[in-house]
Amino acid sequence: LPLLLEATLLQLASGSHHPFYNGFYYNHLMNDKGNGQEKVVYFNGARLVVETSKDPVYSSNGANVTLPCHYHYEPDLEAKRKIRIKWSKLRDDYTKEQDVLVAIGKTYMAFGDFRGRAHLRQAGRREASLVVSDVRLQDDGKYRCEVIDGLEDESDVVDLRLQGIVFPYQPPRGQYQLNFHEAERVCQEQGAILASFNQLFQAWNEGLDWCNAGWLADGTVQYPIRLPRKPCGGLHLAPGIRSYGPRHRHLHRFDAFCFSSALRGEVFYLDHPAGMTLEEAKQSCQDAGAEIARVGQLYSAWKFLGLDRCDAGWLADGSVRYPITKPRANCGPAEPGVRSFGFPSKGRFGVFCYKER
């Protein structure tokens, strides 16, 4: 019996397999000649083709964006057909999908966070483009456009990328104090979200070098190194993203890499001759019809609006920072960046405020 079982398994492993698509044997049918050659048969006599943008589509926080998707038949079918269109948001590893929108003809339904923000653009013949309004940080990622015609089902993927900035974050109590869920929360409190690997990689390409490991949105812990050095993985490792791999989301503690996009408002600086305490700073922003700025808002204003101020100011988390786009004497290092004084328990400073447009 063991020999028979082994022979059967070997035969199954080495034998030809049936074509497989989306879990059903409906798009490709085997011929019945028994020679192992595949003969493709389409139920309506034409092949359905779905096409999206091969290049990423870029947008920013609060904007409107269109993810292009078109379909056609080869050879073309003139008759009008009852088509079902489905849009889904994918994880980077394609293992899970989030329903975005389903449509039949002019009738559609959006789901979850996309309710009231997503609809189809069907301006052209056989167009199935997705329009998302009031883009949010969480919208960044890959989307699948799926077209279903009876038993035919084809799809393609388009990548939506938000123009943004990744910044490392430590809480007031110091380095490596955050489990995964706390890291998610502190990024949200700073007007940001946990960065994805792709966002961290892009930031590394743009020059981010940070020797402290931090959580990413997929539950891994990584850090970007441009200049290899002994405390950061060793001198002999090439530049790149160092990875600790997936960590326990409750037990393990690290810093966080947060991602923030362009602002819907403006960040401005307020000062007082004698400086201000944190509470006085918050009140000064309120008196100006604004609120004290968050860390993500300051980073976004520095990157996208060119905010340059060589004066330290309070932020909402109790930290004191200042943004420099044009390095100069008495304003910190020779590189542009957001400088930090940490979380002073005493002292009087100016304040950075944020106001919606």
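These numbers were taken from a predicted model, which means no experiment stands behind them. (Residues numbered from 1 in each chain as written. Predicted model: local features only at pLDDT ≥ 70, side-chain atom pairs only at ≥ 80, totals over all residues. Heavy atoms only, no water.)

### Comments concerning the overall build of the protein chain
For step 1, the next point in the chain: Across its full length, the protein chain holds 5 helices and 25 strands.
For step 2, the next point in the chain: Across the 357 residues in the protein chain, those meeting the buried criterion constitute 45%.
For step 3, the next point in the chain: Partitioning the intrachain contacts of the protein chain with sequence separation of at least 6 by distance along the chain shows that 59% fall at a separation of at least 24.
For step 4, the next point in the chain: As displayed, the protein chain offers around 19400 Å² of accessible surface, 52% of which is attributable to carbon and sulfur atoms. (Helix = DSSP H or I, 4+ residues; strand = E, 2+ residues; numbered from the N terminus. Buried < 20%, exposed > 50% of the residue type's maximum accessible area, 1.4 Å probe, protein only. Contact = heavy atoms within 4.5 Å. Areas by Shrake-Rupley, 256 points an atom, 1.4 Å probe, with all protein chains shown as cover.)

### A closer look at helix α2 (residues 180-189)
For step 1, the next point in the chain: Of all the positions in α2, only Phe-180, Glu-182, Ala-183, Val-186 and Cys-187 are classed as buried. Seen end-on, α2 carries its buried residues on one side only, within an arc spanning 160°.
For step 2, the next point in the chain: Tucked into the core, α2 has its buried residues touching β14 (164-169), β15 (193-194), β16 (214-215) and β19 (255-261).
For step 3, the next point in the chain: With a side-chain oxygen positioned 3.1 Å from the backbone nitrogen of His-181, the residue opening α2 is Asn-179.
For step 4, the next point in the chain: Phi turns positive one or two residues past the end of α2, at Gly-191, with a value near 70°. (Arc of directions from axis to C-beta. Polar contact = N/O pair within 3.5 Å; in protein donor to acceptor, adjacent residues only side chain to side chain.)

### A short note on the nonpolar core
For step 1, the next point in the chain: Residues Leu-67, Trp-87, Leu-130, Tyr-143, Val-267 and Phe-352 are the most contacted members of the largest nonpolar core, which totals 90 residues.
For step 2, the next point in the chain: Leaving out residues up to four positions away in the same chain, Tyr-143 has contacts with Leu-67, Trp-87, Ser-88, Lys-89, Val-100, Phe-114, Leu-130, Asp-156, Val-157, Val-158 and Leu-160. (Core = buried A, V, L, I, M, F, W, Y, C linked by side-chain atoms within 4.5 Å.)

### Some remarks on the layout of surface pockets
For step 1, the next point in the chain: The volume enclosed by the second largest pocket comes to roughly 480 Å³.
For step 2, the next point in the chain: As for the second largest pocket, its lining consists of 18 residues, and the residues nearest its centre are Tyr-71, Lys-80, Arg-81, Ile-83 and Arg-126.
For step 3, the next point in the chain: Taken together, the elements giving at least two residues each to the lining of the second largest pocket come down to β6 (69-74) and β8 (97-104).
For step 4, the next point in the chain: Taken together, the residues that form the lining of the second largest pocket break down as 7 nonpolar, 3 polar and 8 charged. (1 Å grid on protein atoms, 1.4 Å probe; cavity = no way out; pocket = protein on both sides within 12 Å on 5 of 7 lines; lining within 4 Å. Points joined across faces, edges and corners; volume = space filled by probe spheres on them. Nonpolar A, V, L, I, M, F, W, Y, C, P; charged D, E, K, R; others polar.)

### A word on the pairing of β14
For step 1, the next point in the chain: The element β14 is extensively covered by neighbouring structure, given that 6 of its 6 residues are classed as buried.
For step 2, the next point in the chain: Residues Gly-164, Val-166 and Pro-168 line one face of β14 and the alternating positions Ile-165, Phe-167 and Tyr-169 line the opposite face, and both faces are buried.
For step 3, the next point in the chain: Note: β14 against β19, 6 bridges, orientation antiparallel. Residue pairing in the sheet places Tyr-169 in a bridge with Ala-256 of β19. (Pairing = 2+ DSSP bridges.)

### Regarding unusual backbone geometry
For step 1, the next point in the chain: In this structure, Pro-75 follows Glu-74 across a cis peptide bond, with omega equal to -5°.
For step 2, the next point in the chain: Non-glycine residue Arg-126 carries a positive phi angle of around 55°.
For step 3, the next point in the chain: Relative to the assigned elements, Arg-126 resides in the loop between β10 (118-121) and β11 (129-132).
For step 4, the next point in the chain: Judged by its relative accessible area of 11%, Arg-126 is buried.
For step 5, the next point in the chain: Of note, Tyr-176 is a non-glycine position whose phi angle comes to about 55°, a positive value.
For step 6, the next point in the chain: In this fold, Tyr-176 is placed in the loop between β14 and α2.
For step 7, the next point in the chain: Here Tyr-176 falls in the partly exposed class, since its relative accessible area comes to 26%.

### Topic: the state of the cysteines
In a disulfide, the sulfur atoms of two cysteines are held together by a covalent bond.
For step 1, the next point in the chain: Inspection of every chain in the model, using the stated rule, returns 5 disulfides.
For step 2, the next point in the chain: The disulfide that involves Cys-69 links it to Cys-145, with 2.0 Å between the sulfurs. Measuring handedness by torsion sign, the sulfur bridge of Cys-69 and Cys-145 sits at about -80° and is left-handed. Here Cys-69, found in strand β6, pairs with Cys-145, found in strand β12 (residues 141-149); they are 76 residues apart in sequence, far enough to count as distant.
For step 3, the next point in the chain: What pairs with Cys-187 in a disulfide is Cys-258, and their sulfur atoms sit 2.0 Å apart. Between Cys-187 and Cys-258, the S-S dihedral sits near -80°, and the bridge is therefore left-handed. Taken together, the residues Cys-187 in helix α2 and Cys-258 in strand β19 connect sequence positions 71 residues apart. By the burial criterion, Cys-187 is buried, and Cys-258 matches it. (Disulfide = S-S within 2.5 Å.)

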